[in-house]
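Reading the structure
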Amino acid sequence: MSRRKSKVTIKDVAFALGVNPSTVSLVMNGSRRISAPTRERVLKVAREMGYIPDKRAQGLRFRRTRVLGIMVPALNEIYVPTVVDGAYRTARKAGYQLLIVYSGQTAEEETDATMQLLAEGADGVMLIERRPDASGQPTEHPAYHLLLEHGVPTALLGTDCPAGFNQVDIAMQSFVLQIMDAVLSRGRGASLITRHNGSLERFISEKQEQGFLEGMRKAGVADPTRFIFSKCDHHELVELGRVAGQYLVENFGLRQAILTANDLIAEGVQNYVMENGIRTGGDFTFVSLSDLPYSPYGPTAFASAIVPMGQCGESLAELVIGQINAGSNWTPRRRLFHPCPVTRHLERMDLSEEEKRELWNRQHEYRSRGFYQEFVRTESPVRAESTALPA
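Below you will find a few notes about this structure. All values derive from a computational prediction rather than experimental measurement.

What counts, and at which threshold
Residues numbered from 1 in each chain as written. Predicted model: local features only at pLDDT ≥ 70, side-chain atom pairs only at ≥ 80, totals over all residues. Heavy atoms only, no water. Helix = DSSP H or I, 4+ residues; strand = E, 2+ residues; numbered from the N terminus. Buried < 20%, exposed > 50% of the residue type's maximum accessible area, 1.4 Å probe, protein only. Contact = heavy atoms within 4.5 Å. Areas by Shrake-Rupley, 256 points an atom, 1.4 Å probe, with all protein chains shown as cover. Salt bridge = Lys/Arg side-chain N within 4 Å of Asp/Glu carboxyl O. Phe/Tyr/Trp six-rings, centres within 6.5 Å; stacked < 30°, edge-to-face > 60°. Lys NZ or Arg CZ within 6 Å of the ring centre and 35° of its normal. Core = buried A, V, L, I, M, F, W, Y, C linked by side-chain atoms within 4.5 Å.

To continue, consider the overall build of the chain. Across its full length, the chain holds 13 helices and 15 strands. Each of the 391 residues in the chain was classed as buried or not, and the buried ones make up 50%. The contacts in the chain between residues at least 6 apart in sequence include a share of 72% that link residues at least 24 apart. In the structure as shown, the chain presents an accessible area of about 20000 Å², 50% of it carried by carbon and sulfur atoms.

This next bit is on unusual backbone geometry. Here Tyr79, not a glycine, exhibits a phi torsion of approximately 80 degrees, which is positive. With respect to the element layout, Tyr79 can be found in the loop between β1 (67-72) and α5 (80-93). Residue Asp223 is not a glycine yet carries a positive backbone phi of 50 degrees. Relative to the assigned elements, Asp223 resides in the loop between α9 (199-218) and β7 (228-231).

Note on pairing: side chains with opposite charge can pair once their charged atoms come close. Going through the model one piece at a time under the given rule, you end up with 11 salt bridges. With its nearest N and O atoms 2.9 Å apart, the salt bridge here joins Asp283 to Arg255. Of this pair, Asp283 sits in the loop between α11 (263-275) and β9 (285-288) while Arg255 sits in the loop between α10 (237-252) and β8 (256-260); the two residues are 28 residues apart in sequence, bridging distant segments of the chain. Owing to a relative accessible area of 38%, Asp283 belongs among the partly exposed residues under this scheme. Owing to a relative accessible area of 46%, Arg255 belongs among the partly exposed residues under this scheme.

Applying the stated rule across the entire model yields three aromatic pairs. Each ring, one from Tyr144 and one from Phe165, has its centre 5.6 Å from the other, and the planes form 80 degrees; the classification is edge-to-face. Here Tyr144 is found in helix α7 (residues 142-149), whereas its partner Phe165 is found in the loop between β4 (154-157) and β5 (166-170), with 21 residues between them in sequence. By relative accessible area, which is 11% here, Tyr144 ends up buried. Residue Phe165 is classed as buried on the basis of its relative accessible area, which comes to 2%. Look at Phe227 and Phe252: their rings are 4.6 Å apart centre to centre, the planes differ by 45 degrees, and that puts the pair in the tilted class. One end of the pair, Phe227, is in the loop between α9 and β7; the other, Phe252, is in helix α10, with 25 residues separating them in the sequence. When the ring centre of Tyr96 is taken as reference, the NZ or CZ atom of Arg66 above it lies at 4.1 Å. Across the ring face of Trp330, the terminal group of Arg333 is positioned such that the distance to the ring centre comes to 4.5 Å.

In this structure, Leu68, Met126, Leu157, Ile193, Leu200 and Phe212 are the most contacted members of the largest nonpolar core, which totals 72 residues. With eight residues, the single largest contributor to this core is helix α12 (residues 309-326). Every residue in contact with Leu200, bar those within four places of it in the chain, is listed here: Glu77, Tyr79, Val80, Val83, Ile128, Leu157 and Met309.

Any link to function would need more than the numbers given here.
This is the structure we're talking about:
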């Protein structure tokens, strides 16, 4: 029978490196006092030797677990994996592990998930706002009270953010209003296709609908809600675009711009258009209001918008980590991200290689950086880094 391998200790790693055990301890606890080359060397040898830090002991000693929690309504919703991935990459870079829990669909489930994060000793928590369902009943958020009561650094992706939390939001409504101004100024009609499948998709769709309705009312359109085709179920997105596109064309004609909640719905509209020999451009066109990184490549280019969900996830982690490091000196902050217009499928456009390269570089910059706004209490908002929220 094989002997059980003895546990590798900090002293063993220090001996192998020829350094003091305190140096290894500082590296394992994420201290900034250690230089990057030394840190990398210590971590490399520790991995090779099979050293496993005792996180529970570290948590008791330093009152830190190096764990961040993120509470999500579901992982199979569109947008959610991208937000989680952004949060994970930022947390890992700062030396934190990410614990994912489900908020569920009820106040009881959200309470259980919050209690789990508190029991695990999460140093900070990130939340994706759980939106009201199709019934329109107000949504209870016991997590808010529990996290505030225990003083846990918290950041929320959503609109209804309680005082004391950091906030990440998306200026989707104002972006759609800009699109509507451009569309309606050309004398065309407009319609919108959305889907409300899950909290984060509902969060985006509601903002799109608000911007659309504001633009239509501004143009003097009576009963603008009839121009919105929306689903609240698990209708497949491309098929939704095909069905909705047919309905909107048959009922409102070809003198219109069809706005879609995302690229996959736009692909469905495009499929319907091509199958029926309808020409786009001029009076009839369609615009996607949100790109999706896994959208299939279609046969033609179309206008879309970058909604920086990955950067939203990164910001959630950055704000929480900033609050952890600052302690009582921290003031809650808000980041408001702005969608950026782009063109999908540049390789299929009739442009020179130089023009395509210039557009691609610009869009790559949008995707990699994102644009967010800071708010100062007594001044106008300006594009910049995040800043403190007014109390």
